Amino acid sequence: MQKLLLESLIKAPFTEPAPQADTVALAELATRVDRAARARLGRSLSIRQVDAGSCNGCELEIHALGNAFYDLERFGLRFVASPRHADVLLVTGPVTRNMREALQRTYDATPGPKWVVAAGACARDGGLFADSYACVGGVGAVIPVDIHIPGCPPTPTALLGGLLALLTKSA
Ligand code: SF4
């Protein structure tokens with residue numbers, strides 16, 4: 001045991017170092033999303049995330065938007081618990097048969113103006129799971145999609161860029 005403790009103190013960690021992040025570019029991107037949301041909606045951007053059947057890889061990147069590094073609530077980007085409070089539905093995963101009705105109902109419950117962002121390769125067309133008996137396809141097979149953010153999974157920066165593209169496209 002002592003040997004293990006000693007080794008853990010002197011050996012380098014097995015994990016790779018975290019990539020260097022461009023904090024200035026990130027802050028600038030987040031500020032642009034905030035400005036665009038206020039210009040378009042007169043308030044900050046409220047997002048309801050819907051997992052329609054993903055492997056949760058996309059969710060991990062979405063969660064990263066709220067961590068101590070990205071901390072995007074400071075720029076006016078916030079996740080809400082109900083579609084009734086949302087401007088944007090951020091949908092991940094292929095749509096499973098089990099989630100089809102829930103996704104449709106969530107869309108119907110979201111007040112206009114509303115936008116749908118399909119995040120990740122699976123949300124576009126089913127991705128890896130396209131041929132599964134359990135899936136009905138991409139998000140567009142169930143509800144109208146305004147913009148797709150590519151990636152498997154998309155990075156937090158790509159997610160922000162996609163939201164900005166949505167707000168500037170629909171302005
Ligand atoms: S796009 Fe990739 S990470 Fe996202 S749900 Fe599909 S397989 Fe998982």
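Calculation rules
- Residues numbered from 1 in each chain as written.
- Predicted model: local features only at pLDDT ≥ 70, side-chain atom pairs only at ≥ 80, totals over all residues.
- Heavy atoms only, no water.
- Helix = DSSP H or I, 4+ residues; strand = E, 2+ residues; numbered from the N terminus.
- Buried < 20%, exposed > 50% of the residue type's maximum accessible area, 1.4 Å probe, protein only.
- Contact = heavy atoms within 4.5 Å.
- Areas by Shrake-Rupley, 256 points an atom, 1.4 Å probe, with all protein chains shown as cover.
- Lys, Arg positive; Asp, Glu negative; His and termini not counted.
- Charge placed at Lys NZ, Arg CZ, Asp CG, Glu CD.
- Patch = residues over 30% accessible without salt bridge, like charges linked within 9 Å, V, L, I, M, F, W, Y side chains within 5 Å.
- Salt bridge = Lys/Arg side-chain N within 4 Å of Asp/Glu carboxyl O.
- Near = heavy atom within 4 Å.
- Nonpolar A, V, L, I, M, F, W, Y, C, P; charged D, E, K, R; others polar.
- UniProt positions renumbered as here; feature names shortened; annotations may be inferred.
- Arc of directions from axis to C-beta.
- Phe/Tyr/Trp six-rings, centres within 6.5 Å; stacked < 30°, edge-to-face > 60°.
- Lys NZ or Arg CZ within 6 Å of the ring centre and 35° of its normal.
- Expected span 1.5 Å × (residues − 1).

### Side note on the overall build of the chain
At step 1: Scanning the chain from terminus to terminus reveals six helices and seven strands.
At step 2: If you line up the chain on its principal axes, its C-alpha atoms span 60 × 45 × 25 Å.
At step 3: Every one of the 171 residues in the chain was classed for burial, and the buried ones make up 42%.
At step 4: For the chain, the share of sequence-separated contacts (at least 6 apart) that also reach a separation of at least 24 residues comes to 80%.
At step 5: Surface exposure of the chain reaches about 9,800 Å², of which carbon and sulfur atoms provide 56%.
At step 6: Across the chain, the centroid of the 17 positively charged side chains sits 6 Å from that of the 16 negatively charged ones.

### Points about a nonpolar patch on the surface
At step 1: On the surface, a cluster of nonpolar side chains totalling about 380 Å² of accessible area is made up of Met 1, Leu 4 and Leu 5.
At step 2: With respect to the helices and strands, the residue Leu 5 is situated in helix H1 (residues 2–10).

### Some points on the site of the ligand
At step 1: The environment of the ligand is formed by Ser 54, Cys 55, Gly 57, Cys 58, Gly 120, Ala 121, Cys 122, Leu 128, Gly 151, Cys 152 and Pro 153.
At step 2: Residues belonging to the shell around the ligand are distributed by class as follows: seven nonpolar, four polar and no charged.

### Let's talk about the UniProt feature "domain: NADH:ubiquinone oxidoreductase-like 20kDa subunit" (unreviewed entry) in the chain
At step 1: The UniProt record annotates "domain: NADH:ubiquinone oxidoreductase-like 20kDa subunit" (unreviewed entry) at residues 55–166.
At step 2: Segment residues 55–166 splits into 33% helix and 19% strand. End C-alpha atoms: 25 Å apart.

### Focus on helix H4 (residues 97–109)
At step 1: Inspection of H4 places Leu 103, Thr 106, Tyr 107 and Ala 109 among the buried residues, and these make up the whole buried set. All buried residues of H4 lie within an arc of 160° about the axis, which places them on one face of the element. Across from the buried face of H4, at angles greater than 90 degrees, the exposed residues are Arg 97, Arg 105 and Asp 108.
At step 2: Each element contacted by the buried residues of H4 is listed here: strand S1 (45–51), strand S3 (88–92), strand S4 (95–96) and strand S5 (115–119).

### Brief notes about the side chain of Thr 110
At step 1: By the secondary structure assignment, Thr 110 is in the loop between H4 and S5.
At step 2: Since its relative accessible area comes to 3%, Thr 110 is described here as buried.
At step 3: Aside from chain neighbours lying at most four places away, what touches Thr 110 is Pro 83, Ala 86 and Leu 89.

### Digging into the packing of aromatic side chains
At step 1: In total, this model carries one aromatic pair according to the counting rule given.
At step 2: The interplanar angle of 85° and the centroid separation of 4.8 Å between the aromatic rings of Phe 69 and Tyr 70 together place this pair among those described as edge-to-face.
At step 3: The class of Tyr 70 is buried, set by a relative accessible area of 14%.
At step 4: The ring of Tyr 107 carries Lys 114 above its face, with NZ or CZ at 3.9 Å from the centroid.

### Examining helix H6 (residues 156–169)
At step 1: Between its first and last C-alpha atoms H6 spans 20 Å; for 14 residues at 1.5 Å apiece the expected length is 20 Å, and the two agree.
At step 2: Listed as buried for H6 are Pro 156, Leu 159, Leu 160, Gly 162, Leu 163, Leu 164, Leu 166 and Leu 167.

### Side note on the environment of Leu 164
At step 1: Here Leu 164 lies in helix H6.
At step 2: Spatially, the C-alpha atom of Leu 164 lies 8.4 Å from that of Ala 37, the residues being 127 residues apart in sequence.

### Some remarks on the pattern of salt bridges
At step 1: If you walk through the whole model with that rule in mind, you get seven salt bridges.
At step 2: For Glu 28, the salt bridge is made with Arg 32, and the minimal N-O distance between the two is 3.9 Å. Here the residue Glu 28 and the residue Arg 32 both occupy positions in helix H2 (residues 23–41), the gap between them amounting to four residues, near one helical turn.
At step 3: Here Glu 28 falls in the partly exposed class, since its relative accessible area comes to 44%.
At step 4: Here Arg 74 and Asp 71 are joined by a salt bridge, their closest N and O atoms 3.9 Å apart.
At step 5: By relative accessible area, Asp 71 is classed as partly exposed at 34%.
At step 6: Taken together, the salt bridges that share partners define one network made up of Lys 3, Glu 7 and Lys 11.

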